[in-house]
There are 2 protein chains.
Amino acid sequence: MPYAYDYPRAALTVDCVVFGLDEDDLKVVLIQRDLEPFAGAWALPGGFVHVDESLEDAARRELQEEAGLSKVFLEQLYTFGDVRRDPRERIVTVAYYALVNIRDHRVQAATDARNAAWFPVTDTPTLAFDHDNILHAALERLKGKVRYRPIGFELLPTKFTLSQLQRLYETILERPLDKRNFRRKALAMGFLEETDEIEQDVAHRAARLYRFNEKKYRRFVKQGFLFEL
Amino acid sequence: MPYAYDYPRAALTVDCVVFGLDEDDLKVVLIQRDLEPFAGAWALPGGFVHVDESLEDAARRELQEEAGLSKVFLEQLYTFGDVRRDPRERIVTVAYYALVNIRDHRVQAATDARNAAWFPVTDTPTLAFDHDNILHAALERLKGKVRYRPIGFELLPTKFTLSQLQRLYETILERPLDKRNFRRKALAMGFLEETDEIEQDVAHRAARLYRFNEKKYRRFVKQGFLFEL
DNA sequence: CCAAAAGTGTTCTCCATACACCCATGC
DNA sequence: GCATGGGTGTATGGAGAACACTTTTGG
C-alpha cells in the first residue's frame, strides 16, 4: 500500500505524569535517564508509540514497563509539538496524566533498569526536554478537574477518613478548606458511603472510614449535577 | 544524525473544527474530499504536519490553505490516535478548534480547489474518518469552556448587541437564558464597553452596540475570578 | 491529665432565579 | 396603530462562608 504521506515524519511519543498521594504530600513519578540526551537527568516516564497500538495503549505500556504500574486512572492531557522540543529530531509527544494510590501501587524501576522514584510535586529537579512544562500543565489540569469531577478518590486508598479527603483537596487546590463546610458538602454529594470501620493505630480519637460508591456517583452524574468543594 | 526511533512511524495530521455564527446559527466549516478514501464525503479541514512546523502552525496553515482563514482564535482540543481511524495507514491527528466571526472571515474553497462550506452544527452530513467524533468533542468543549472563559466574543463581530450575545450563549449552551439576569451579569463582569452607536436597519427599536474590552478582561482575570452566565 | 484530631449547627451574606411591563422604531 | 424586539427592578430561596467548642482516644 502506498503511504498517504511520503515525506519526513515526526516521531511520536507518549509521556505520563503519574500523581500519587504519600501521607499528605502530592508526588509524581520520575525516571532517571541513562542515555543521551539528558543522560542522568530526571524525566517523565514515556516512550515511543508503536505503529500498531493506540495512544492510550502506548501510555499504559510505558507505565507498566518503566514504573511497574497497571490499571490506573489515565487521561489525555495535551499534545506538545514544538519543533525543537527534542534536540535529536522532531518528536511530538502526547502527554497523559495518571492518578494512583501509592499503597496499592508500589513503583519499581522496571524492565529497563532505570531509576524510578516519587518526588513531591513542589520539589522536583529540573526535568529533561520540556517536561517541566508538561508537569506544570498536569498540575493545572488536576487543580481544575478536581473541582467538578471526583477524581480525587483515585489517589486515596479504598477506605479513607474525611480528614484524609479534605487534606487531599487542600493539597491539590493549595488552599485551606473549612472542616465543617467540607464535611457537610462532601456527604451531601451522596456518593460517600460510611463503613463500620474506623482507622487503626492512631494516637488520638480514631476517625470513621468512608468509601467511594461509584454506582451512586454515576446515578448522581446522570441527573445533571455540579460537583464543588 | 541517527534517528531516535528507527521503526515504522505513524503519520501525523492536524484537523480543525472551525465554528462561526451566522445570524443565530452556530455553524462549522466542512471540506468536500476529492480523493480516496471517502472521496466526495465531507470532512474537517486538516492535513499532514510538516516535519519543520509546530502543531499550531500546521493547523493555521491548513486553515489558510483550505478555507482562506487567518488570524483566528485557535486552541488545541484533543489528539485522536486509534489504530484504525484511517483506513490507509496509521495516522494520528491532533484536533484544534477555531472560533471566527463569519462577517470578517469569508470562507473560500482555497488553493486546492476543494469545496468548502458552512454547515449548521445541528445538521451536518456524516463525516469522513472519525470526524463526527471530533466535531462532537469540540462542541462539548465549547459548551464547557464558554462558561468560564469569554471565548464567545470571538464569534461575534467587534460591535454587538446584548441580545446577540445572549442568543449566542443560548445557542452554545442549548438552553434559554433570562434576559434581565443575563444583561445584569454580563455587564457586571466589567469588560463590556458601551459604544455610542446603535444597530442599523432593523424593523424595531435599535439596540445599543457594545464591544469587548480585552484589557479590562485581563485585569479581571488577574484578580482571580469566575465567569458564569 | 494532656495532646491530638474527630465530630458537630447556626448565622449571615450574597448570588441565582423567577417574573411583567413600558419604550422606541419601522412599516 | 401594531408588530417587534429593546430595555428595566424587585422579591425569594438556597448555597457558600465564617465561626468554637465538646468528644474520644492514646500515651
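Thresholds, definitions, all that
- Residues numbered from 1 in each chain as written.
- Chains lettered and ligands numbered in written order.
- Predicted model: local features only at pLDDT ≥ 70, side-chain atom pairs only at ≥ 80, totals over all residues.
- Heavy atoms only, no water.
- Helix = DSSP H or I, 4+ residues; strand = E, 2+ residues; numbered from the N terminus.
- Buried < 20%, exposed > 50% of the residue type's maximum accessible area, 1.4 Å probe, protein only.
- Contact = heavy atoms within 4.5 Å.
- Areas by Shrake-Rupley, 256 points an atom, 1.4 Å probe, with all protein chains shown as cover.
- Lys, Arg positive; Asp, Glu negative; His and termini not counted.
- Charge placed at Lys NZ, Arg CZ, Asp CG, Glu CD.
- Buried area = accessible area lost by both parts, 1.4 Å probe.
- Salt bridge = Lys/Arg side-chain N within 4 Å of Asp/Glu carboxyl O.
- Polar contact = N/O pair within 3.5 Å; in protein donor to acceptor, adjacent residues only side chain to side chain.
- Nonpolar A, V, L, I, M, F, W, Y, C, P; charged D, E, K, R; others polar.
- Axes fitted to C-alpha atoms, helices over the stretch in contact; angles between N-to-C directions.
- Parallel < 35°, antiparallel > 145°, perpendicular 65-115°, else oblique.
- Least-squares fit on C-alpha atoms with pLDDT ≥ 70 in both.
- Near = heavy atom within 4 Å.
- Phe/Tyr/Trp six-rings, centres within 6.5 Å; stacked < 30°, edge-to-face > 60°.
- Lys NZ or Arg CZ within 6 Å of the ring centre and 35° of its normal.
- Patch = residues over 30% accessible without salt bridge, like charges linked within 9 Å, V, L, I, M, F, W, Y side chains within 5 Å.
- Expected span 1.5 Å × (residues − 1).

Considering the overall build of chain A
Part 1: A tally of helices and strands in chain A yields 5 helices and 10 strands.
Part 2: Over its C-alpha atoms, taken along the principal directions, chain A stretches across nearly 65 × 40 × 30 Å.
Part 3: In chain A, which comprises 229 residues, the share counted as buried stands at 49%.
Part 4: In chain A, the proportion of contacts linking residues at least 24 apart, taken out of those at least 6 apart, comes to 65%.
Part 5: A total accessible area of about 11,800 Å² is found for chain A, and carbon and sulfur atoms account for 47% of it.
Part 6: Taking the 34 positively charged and 37 negatively charged side chains of chain A as two groups, their mean positions are separated by 8 Å.

Some remarks on the interface of chain B and chain A
Part 1: Of the residues lining the interface, 31 residues belong to chain B; the matching set on chain A comes to 31 residues.
Part 2: Summing both sides of the interface, chain B and chain A together bury roughly 2,800 Å²; the carbon and sulfur share of this comes to 60%.
Part 3: Three residues, Tyr 5, Arg 9 and Val 51 of chain B, lead the burial of chain B against chain A; their summed loss comes to 21% of the area buried on that side.
Part 4: There are 2 salt bridges connecting chain B and chain A.
Part 5: Viewed at the interface, chain A and chain B are joined by 14 residue pairs in polar contact (both at pLDDT 80 or more).
Part 6: Listed by contribution, the elements that provide at least two residues to the side of chain B that touches chain A are β1 (11-22), β5 (73-80) and β6 (91-100) of chain B.
Part 7: With 4 residues, the top contributor of residues to the side of chain B that touches chain A is β5 of chain B.
Part 8: When grouped by side-chain class, the residues that make up the side of chain B that touches chain A number 19 nonpolar, 5 polar and 7 charged.

Focus on the packing of helix α3 (residues 162-173) of chain B against helix α4 (residues 179-188) of chain B
All names here are of chain B.
Part 1: In the contact formed by α3 and α4, the axes pass within 11 Å of each other and the chain directions differ by 105°. Here α3 lies roughly perpendicular to α4, going by the angle between them. For the pair α3 and α4, contact is made by Leu 162, Ser 163, Leu 165, Gln 166 and Tyr 169 and by Lys 179, Phe 182, Arg 183, Ala 186 and Leu 187, respectively.
Part 2: Of the residues in the contact of α3 with α4, the class split is 6 nonpolar, 2 polar and 2 charged.

A short note on the relation of the copies chain B and chain A
Part 1: Overlaying chain B on chain A yields an RMSD of 0.1 Å, the required transformation being a rotation through 180° with an accompanying axial translation of 0.0 Å. Classification of the inter-copy transformation places it as that of a two-fold axis.
Part 2: Mapped onto chain A, 100% of the interface residues of chain B are again interface residues, and the two copies thus contact each other with one and the same surface.

Points about the protein's contact with DNA strand D
Part 1: Surrounding DNA strand D, one finds 18 residues, the nearest of these being Arg 205 of chain A together with Lys 179, Arg 183, His 204 and Arg 208 of chain B.
Part 2: Backbone sugar and phosphate groups make up 38% of those atoms of DNA strand D lying within 4 Å of the protein.
Part 3: In the environment of DNA strand D, a base nitrogen lies 3.2 Å from a nitrogen or oxygen atom belonging to the side chain of Arg 180 of chain A.
Part 4: Contacts to DNA strand D include Arg 183 of chain B, whose side-chain N or O atom sits 2.6 Å from a phosphate oxygen.
Part 5: A per-class count over the surface near DNA strand D returns 3 nonpolar, 4 polar and 11 charged.

Considering the packing of aromatic side chains
Part 1: Counted according to the given criterion, the structure contains 26 aromatic pairs over all chains.
Part 2: On the numbers, 4.3 Å between centres and 10° between planes, the contact of Tyr 5 of chain A with Phe 48 of chain B is stacked. Placement of the pair is Tyr 5 of chain A in the segment before β1 (11-22) and Phe 48 of chain B in strand β4 (residues 46-48), with the two residues belonging to separate chains. There is no split in this pair, since Tyr 5 of chain A and Phe 48 of chain B are both buried.
Part 3: Note on Phe 191 of chain B and Tyr 217 of chain B: the rings are 5.1 Å apart at their centroids and 80° apart in plane angle, and the pair reads as edge-to-face. Here Tyr 217 of chain B lies in helix α5 (residues 214-222) and Phe 191 of chain B lies in the loop between α4 and β9 (192-198), a separation of 26 residues in the sequence. One exposure class covers both Phe 191 of chain B and Tyr 217 of chain B, and it is buried.
Part 4: Grouping aromatic residues by their ring pairs yields a cluster made of Phe 153, Phe 160, Phe 191, Phe 212 and Tyr 217 of chain A.
Part 5: Here the basic side chain of Arg 9 of chain A rests over the ring of Tyr 3 of chain A, its NZ or CZ set 4.9 Å away from the ring centre.

Quick word on the protein's contact with DNA strand C
Part 1: With respect to spatial proximity, 18 residues lie near DNA strand C, and among them Ser 163, Lys 179, Arg 183 and Arg 208 of chain A together with Asn 181 of chain B are the closest.
Part 2: Separating a base oxygen of DNA strand C from a side-chain N or O atom of Arg 184 of chain A is a distance of 3.4 Å.
Part 3: At 3.5 Å, a side-chain N or O of Arg 205 of chain B approaches a base oxygen of DNA strand C.
Part 4: Elements represented by at least two residues in the surface near DNA strand C include exactly α4 (179-188) of chain A together with α4 of chain B.

A word on a positive patch on the surface
Part 1: Together, Arg 175, Lys 179, Arg 180, Arg 183, Arg 184 and Lys 185 of chain A give the surface a local cluster of positive charge.
Part 2: Relative to the helices and strands, Lys 185 of chain A resides in helix α4.

Looking at helix α1 (residues 55-67) of chain B
Residues and elements named next belong to chain B.
Part 1: In this model α1 runs 18 Å from its N-terminal to its C-terminal C-alpha over 13 residues, within 8% of the 18 Å that 1.5 Å per residue would give.
Part 2: Buried within α1 are the following residues: Leu 55, Ala 58, Ala 59, Arg 61, Glu 62, Leu 63, Glu 66 and Ala 67.
Part 3: Directly beyond the C-terminal end of α1, a positive phi value near 70° is found at Gly 68.

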